[in-house]
Amino acid sequence: MTKRTKQILERLDEQYGTQAICYLNHENDWQLLIAVILSAQCTDARVNIVTKDLFQKYDTLEKFAAADLAQLEQDIHSIGFYHSKAKNIISCCKDLILKFGGEVPSSIEDLTSLAGVGRKTANVIRGNIYHEPCIVVDTHVKRISNRLGFTKETDPAKVEQDLMKVLPKDHWILYNMQIITFGRNICFARNPKCSECFLQDLCQKSG
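Attention in this report is confined to the structure presented alongside it. Just so it is clear, the model here is predicted, and its values are computed rather than measured.

Points about unusual backbone geometry
Now for step 1: Despite not being glycine, Gln 41 has its phi angle at roughly 60°, a positive value.
Now for step 2: Along the chain, Gln 41 turns up in the loop between helix H2 (29-39) and helix H3 (44-57).
Now for step 3: Backbone geometry places Phe 81, a non-glycine residue, at a positive phi of 55°.
Now for step 4: Mapped onto the secondary structure, Phe 81 falls in the loop between helix H5 (69-75) and helix H6 (82-100).
Now for step 5: Given a relative accessible area of 55%, Phe 81 falls into the exposed group.

Things to note about the environment of Pro 133
Now for step 1: Residue placement: Pro 133 occurs in the loop between helix H8 (119-128) and helix H9 (139-147).
Now for step 2: Residue class for Pro 133 comes out partly exposed when judged on its relative accessible area of 36%.
Now for step 3: The residues contacting Pro 133, other than those within four sequence positions of it, are Lys 169, Trp 172 and Ile 173.

Here we look at the packing of aromatic side chains
Now for step 1: Counting across every chain of the model gives seven aromatic pairs.
Now for step 2: Look at Phe 150 and Tyr 175: their rings are 6.2 Å apart centre to centre, the planes differ by 50°, and that puts the pair in the tilted class. In this pair, Phe 150 sits in the loop between H9 and helix H10 (156-166) while Tyr 175 sits in helix H11 (residues 172-185), placing the two residues 25 residues apart along the sequence.

Remarks on helix H1 (residues 3-16)
Now for step 1: Taking 1.5 Å per residue as the helical rise, H1 with its 14 residues ought to reach 20 Å, and the 20 Å between its terminal C-alpha atoms agrees with that figure.
Now for step 2: Three or more residues of H1 are buried, namely Thr 5, Ile 8, Leu 9, Leu 12 and Asp 13. Down the axis of H1, the smallest arc covering the buried residues is 135°, so these residues share one side. Exposed side chains of H1 directed beyond 90 degrees from the buried face belong to Lys 3 and Glu 14.

Some details on the environment of Glu 196
Now for step 1: Positionally, Glu 196 belongs in the segment after H11.
Now for step 2: In this structure the C-alpha to C-alpha distance between Glu 196 and Ile 186, which are ten residues apart in sequence, comes to 7.4 Å.

Analysis parameters
- Residues numbered from 1 in each chain as written.
- Predicted model: local features only at pLDDT ≥ 70, side-chain atom pairs only at ≥ 80, totals over all residues.
- Heavy atoms only, no water.
- Helix = DSSP H or I, 4+ residues; strand = E, 2+ residues; numbered from the N terminus.
- Buried < 20%, exposed > 50% of the residue type's maximum accessible area, 1.4 Å probe, protein only.
- Contact = heavy atoms within 4.5 Å.
- Phe/Tyr/Trp six-rings, centres within 6.5 Å; stacked < 30°, edge-to-face > 60°.
- Expected span 1.5 Å × (residues − 1).
- Arc of directions from axis to C-beta.

Dropping the structure here:
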């Protein structure tokens, strides 16, 4: 790890702490999986509003698997892409019951075999449930890692590979959580607050 990378991580730790936090409300593994599927192109805050009632209505995997598609669409209609998400959730829950005995699998291959689960979602699950060191590449991580000079790639899988080479393993999960907060508050896609940024002197794209 380079001196510059070490300085960046130290400042992120100092600013945001070193406790891994999941912002999606859930009481068990499969609820987290559904919440993460719902969170694509949507804020965690909005997902938490929807799942508060959703997880009371569908309080078992079996109820989600047997859900009426039109009804489930209505239940999650305030979330973007609700048509495809409702379809994926029903299919995903059926597979969890039929193929995995009602348990959320741990391997990247098994997770990505589920409807609505891509590599990003799978890594969120692996990190939060199984505490497997993994790097979640969302829009904030991709943008800011590029600005910091950690990667020049745009494809999430390639960004992930670059970050695995640059970052120490004990920061893989933490980095995503810190960068999401950083991206929401300072390093915006448009008009980032460079003058207020605690990483300005270490950033390759400052200004």
